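Descriptive analysis of the structure
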Amino acid sequence: MRKFFAKLYDFSSSWTGTVVIVLLFIFFIAQAFVIPSGSMKNTLLIGDHLFVKKFAYGIATPHIPWVEIPVWFDSDDDGHLVQGDRPKRGDIVVFRYPNDPKIYYVKRNFAVGGDEVIFAPKTMYLRPHEGDEFIEKNYDKNDIVVLNGKKFVREPYKFKGIHYENRGDKDNFVGQNADTFTIALYYMQQNKFAMSPAKIDELESIDGLPFNAFYFKVKDDSFFMVGDNRENSNDSRFWGSVEYKFVVGQPWFVYFSWDKDYKIRWERIGRLASTLENDESLIYEQP
């Protein structure tokens, strides 16, 4: 046994051993990720460097870092060596962008397979697929509304970082400064918007339009991902739901953070992602 550990120590001390250990860590345990845009403000900020927990939703098929080449054949096309729990409603999830899987995104899971989603100006609504009884048991009665004969939950997630403030130019929409619903109208005209226009009798009409909201039903084993910064997030509202095969993991903890002026945000370093979304002292507007 002593010889075995001696050989293991020698191997881990070599360049080859170091590379193998680092790759195994990245493949199966955690991978570094940098928040590149403002779509998850004020929960996750631009300049937050965090580790992603790779085993939160099963073991995703490993890819070589930077070149993103898979190191194992995905025979069943589920994107995972070992399947695991699916993202739950309200989870913050890291996933591969369905239109370009080499790009990583991080958003909050708004809805799961079978759920229905309505997006109206400055508001989103969820109808869980479990139905009316589930809604009544699990959500605040003050948030339950009836839209076109079905019960929905208005803004089902109460995390403090979720907001609709429209704060000028948007890095996720090429500097546009219109509200997201108006941007959605433009994208719809270009056939680049995933949701369908809908007329909801209980919601206010919009001048000049035959509809006043957008509707989407999430397909099975898929997830409707939306940024906490609802007015600056290019998300499932625009390109549709995310299949399980694209799910990578869950934000774990911040190992470094600095702002645009390269000032270190010491208060965020070492914090779990769950702390960042629940501790109000860490939820603030980023300049």
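I will try to describe carefully the structure that is included in this document. (Residues numbered from 1 in each chain as written. Predicted model: local features only at pLDDT ≥ 70, side-chain atom pairs only at ≥ 80, totals over all residues. Heavy atoms only, no water.)

**Description of the overall build of the protein**
- A tally of helices and strands in the protein yields six helices and 17 strands.
- For the protein, buried positions account for 48% of its 287 residues.
- Partitioning the intrachain contacts of the protein with sequence separation of at least 6 by distance along the chain shows that 60% fall at a separation of at least 24.
- A total accessible area of about 15,000 Å² is found for the protein, and carbon and sulfur atoms account for 56% of it. (Helix = DSSP H or I, 4+ residues; strand = E, 2+ residues; numbered from the N terminus. Buried < 20%, exposed > 50% of the residue type's maximum accessible area, 1.4 Å probe, protein only. Contact = heavy atoms within 4.5 Å. Areas by Shrake-Rupley, 256 points an atom, 1.4 Å probe, with all protein chains shown as cover.)

**Describing the pattern of salt bridges**
- On inspection of all chains with the given rule, the structure shows 19 salt bridges.
- Arg108 is paired through a salt bridge with Asp228; the nearest N and O atoms lie 2.8 Å apart. Separated by 120 residues along the polypeptide, Arg108 in strand β8 (residues 104-112) and Asp228 in the loop between β15 (222-226) and α5 (236-239) bring together distant segments of the chain.
- Judged by relative accessible area, Arg108 falls into the buried class, the value being 2%.
- Asp228 gets classed as buried once you look at its relative accessible area, which sits at 0%.
- For the salt bridge of Glu155 with Arg230, the shortest nitrogen-to-oxygen distance reads 3.0 Å. (Salt bridge = Lys/Arg side-chain N within 4 Å of Asp/Glu carboxyl O.)

**What about the side chain of Asp91?**
- Following the sequence through the fold, Asp91 ends up in the loop between β6 (80-83) and β7 (92-96).
- Taking relative accessible area as the criterion, Asp91 reaches 12% and is therefore assigned buried.
- Polar contacts involving the side chain of Asp91 include one to the side chain of Tyr57, which spans 2.8 Å.
- Look past the residues within four positions of Asp91 in its chain and what remains in contact with it is Tyr57, Lys107, Arg108, Asn109 and Gln250. (Polar contact = N/O pair within 3.5 Å; in protein donor to acceptor, adjacent residues only side chain to side chain.)

**Digging into the packing of aromatic side chains**
- Applying the stated criterion to the full structure yields 23 aromatic pairs.
- With a centroid separation of 5.3 Å and 70 degrees between ring planes, the pair formed by Tyr97 and Trp239 is classed as edge-to-face. Of the two residues, Tyr97 sits in the loop between β7 and β8 while Trp239 sits in helix α5, which places them 142 residues apart along the sequence. Across the pair, exposure class does not vary: Tyr97 and Trp239 are buried alike.
- Between Phe119 and Phe214 the ring centres are 6.3 Å apart and the planes differ by 20 degrees, which places this aromatic pair in the stacked class. Of this pair, Phe119 sits in strand β9 (residues 116-120) while Phe214 sits in strand β14 (residues 213-217), placing them 95 residues apart in sequence. (Phe/Tyr/Trp six-rings, centres within 6.5 Å; stacked < 30°, edge-to-face > 60°.)

**Describing the pairing of strand β12 (residues 150-154)**
- Sheet topology note: the strand β10 (residues 123-127)/β12 ladder contains two bridges and is antiparallel. Paired with Tyr125 across the two strands is Arg154, which belongs to β12.
- In textbook terms, the turn of a hairpin is the stretch between consecutive antiparallel strands, and for strand β11 (residues 144-147) and β12 this stretch comprises two residues, one of which, Asn148, has a positive phi near 50 degrees. (Pairing = 2+ DSSP bridges.)

**Section: the nonpolar core**
- Membership of the largest hydrophobic core comes to 40 residues, with the highest contact counts inside it found for Phe110, Phe214 and Phe224.
- Secondary structure elements with two or more residues in this core: β7, β8, β9, β10, α4 (180-189), β14, β15 and α5.
- Take this core: its biggest share by element is five residues, from α4.
- Aside from chain neighbours lying at most four places away, what touches Phe110 is Val117, Met124, Tyr125, Leu126, Pro156, Tyr157, Phe224, Val226 and Arg230. (Core = buried A, V, L, I, M, F, W, Y, C linked by side-chain atoms within 4.5 Å.)

**Points about the environment of Val67**
- Tracing the chain through its elements places Val67 in the loop between β4 (63-64) and β5 (69-70).
- Among the residues examined, Val67 registers a relative accessible area of 42% and is labelled partly exposed.
- The sequence separation of Val67 and Lys102 amounts to 35 residues, and the corresponding C-alpha distance is 8.2 Å.

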